[in-house]
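# Secondary and tertiary structure notes
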Amino acid sequence: MKNAVNKQMKPSFSTLILVCMLALLGLSCTKQDVDPITDNPFLPPSASEFNNLQEIALTQHTESALFNAEDGFSFTSNDGAIINIPSNCLRQNGDLVTGEVELTFIDIYHRADMLPTNKPVMGLKPNGDKAMLITGGEFFVEVRKDGILLDSGCMFQLRVPGDLTGGTDPEMILWNGIIDEDGNLTWEELEPNNQGGIFDENGEYFVFRDEFGWTNIDKFYSDSRPKTTMQVKVPQGFDNLNSAVYLSYDGEPNALAQLDTFNSELGIFSEHYGQIPIGLEVHIIFATADGDNWRYAIKGVTIAENEIYEFSLEETEVDTFENMVTAINNLP
């Protein structure tokens, strides 16, 4: 009977296979597949969902006004920047424009506004590398008539109060904004010529430009310590289309760097130019979308040589735009 009982209890080969398959299936359901906030299966956002949140944030910084082209115009933004466009300045295909036109104006000064709008301050160096800038303000100007974009046929002026960025700096120069096919902004130094110039006087910046678009008052961040590259691994399902990784330098509220390359095989964002000072105290910010809200995580680190930093899904939180901005504003 003992042998008979043992024979009945011995599992068949097919049963063993089924048990193994179920065990493997259970092991594959890791925490990374479940949203730690809702305990539901996690689905990363689409690129369009993330882009929509960035567009909404940019819209909140966008101001507009109507004026007659032949009269000229002076407009003061909610933050206090002033743009002056002279009379009989606007052109369409080289022809003088008259009648009602619409101004669109954006000004951005702080890292908490740069991040949700995806307008970091990364400047091109002469060798093609990128490095972080310290800004005296990012500005977007355009004028349209009946929806058609117009050209500036003369110099227009921007006046920027220095108290928006902690005072003026005579080392600041002008930069031209270039937006790539993925919607990311890079700044290129504007050569001093007939395209415009900048000077500071009585605590204000005076900027002169003859082209609409993005303009920046900036200089490169300077640190004499040895430099290194920096890499950040993000949760599974995220890439450079549906998320972004930014770098906030402690003590620099008027600056924000961005890790602008992504290795899809490793799931790693990188600042691959070797421009990050070793020993620098920073906060790494991972940002993405979650429905109508933001999902983000902030990690304070001291930069070590060739270090790879990592965010897990469990470290992220879902919150409103306003609360995320407050969290970034509260960084050192």
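Just so you know, these numbers come straight off a predicted model, no measurement behind them.

Basis of the calculations
Residues numbered from 1 in each chain as written. Predicted model: local features only at pLDDT ≥ 70, side-chain atom pairs only at ≥ 80, totals over all residues. Heavy atoms only, no water. pLDDT = per-residue confidence, 0-100. Contact = heavy atoms within 4.5 Å. Buried < 20%, exposed > 50% of the residue type's maximum accessible area, 1.4 Å probe, protein only. Helix = DSSP H or I, 4+ residues; strand = E, 2+ residues; numbered from the N terminus. Arc of directions from axis to C-beta. Pairing = 2+ DSSP bridges. Expected span 1.5 Å × (residues − 1). Axes fitted to C-alpha atoms, helices over the stretch in contact; angles between N-to-C directions. Phe/Tyr/Trp six-rings, centres within 6.5 Å; stacked < 30°, edge-to-face > 60°. Lys NZ or Arg CZ within 6 Å of the ring centre and 35° of its normal. Core = buried A, V, L, I, M, F, W, Y, C linked by side-chain atoms within 4.5 Å.

## What to know about the confidence of the model for the protein chain
Per-residue pLDDT for the protein chain averages 90, and the proportion of residues at 70 or more is 89%. Long-range and interchain partners of residues 1-32, a stretch whose pLDDT sits below 50, account for 8 contacts in this model, where long-range means more than four residues apart.

## Focus on helix 5 (residues 321-329)
Buried within helix 5 we find Phe321, Met324, Val325 and Ile328. Buried residues in helix 5, looked at end-on, bunch into an arc of 100°, giving them a common side. Looking at the packing, one finds that the buried side of helix 5 touches helix 3 (47-60), helix 4 (111-117), strand 22 (281-290), strand 23 (293-302) and strand 25 (317-319).

## A look at the sheet that holds strand 5 (residues 95-96)
Strand order in the open sheet formed by 3 strands is 5-4-10, and the pairing between neighbours is antiparallel. The sheet is open, and its two borders are formed by strand 5 and strand 10 (151-152), each paired with just one other strand. Strand direction decides the pairing type here: strand 4 (residues 90-92) and strand 5, joined by 2 bridges, are antiparallel. Note that in strand 5 the partner of Gln92 across the bridge is Asp95.

## Observations concerning helix 3
With 14 residues, helix 3 should cover 20 Å at 1.5 Å per step; its first-to-last C-alpha distance of 20 Å lies within 8% of that length. Where helix 3 is concerned, the buried positions are Phe50, Leu53, Gln54, Ala57 and Leu58. The buried residues of helix 3 occupy one face: seen down the axis, they fall within an arc of 140°.

## Focus: the sheet that holds strand 25
Taken together, 5 strands build an open sheet; the order of strands is 19-18-22-23-25 and the sheet is antiparallel. Edge strands, defined here as strands with exactly one partner in the open sheet, are strand 19 (257-258) and strand 25. Where strand 18 (residues 243-249) lies against strand 22, 7 bridges are found, and the strand directions are antiparallel. Across the sheet, Ala244 pairs through a bridge with Ala287, a residue of strand 22. Contacts between helix 3 and the sheet are confined to strand 18, strand 22 and strand 23, with strand 22 contributing the most and set at about 110° to the helix. Each of strand 22, strand 23 and strand 25 touches helix 5; the most contacted strand, strand 23, lies at about 10° to it.

## Examining the packing of aromatic side chains
For the structure shown, the criterion picks out 17 aromatic pairs. Taken together, a centroid distance of 4.9 Å and an interplanar angle of 80° make the contact between Tyr221 and Tyr249 edge-to-face. With a gap of 28 residues between them, Tyr221 in the loop between strand 16 (213-220) and strand 17 (227-233) and Tyr249 in strand 18 connect regions that are remote in the sequence. Put simply, the rings of Phe67, Phe73, Phe75, Phe105, Tyr109 and Phe139 touch in pairs and so form one group of aromatic residues. Taking NZ or CZ as reference, Lys125 lies 4.5 Å from the ring centre of Phe220, over its face. The aromatic ring of Phe311 is capped on one face by Lys299, whose charged end is 5.1 Å from the ring centroid.

## Quick look at the pairing of strand 11 (residues 156-161)
Each regular strand shows side chains that alternate between the opposite faces of the sheet. Counted residue by residue, strand 11 has 5 buried out of 6 residues, so it is predominantly covered. Pairing geometry for strand 11 and strand 15 (residues 204-209), over 6 bridges, is antiparallel. Bridge pairing in strand 15 places Gln157 opposite Phe208.

## Comments concerning unusual backbone geometry
The phi dihedral of Asp146 falls on the positive side, at around 55°, and the residue is not glycine. By the element assignment, Asp146 lies in the loop between strand 8 (130-145) and strand 9 (148-149). Located in the positive-phi region is Asn202, a residue other than glycine, with phi close to 50°.

## A short note on the nonpolar core
Counting 85 residues, the largest nonpolar core has Leu90, Leu103 and Ile284 as its most contacted members. Tallying contributions element by element places strand 8 first for this core, with 7 residues.

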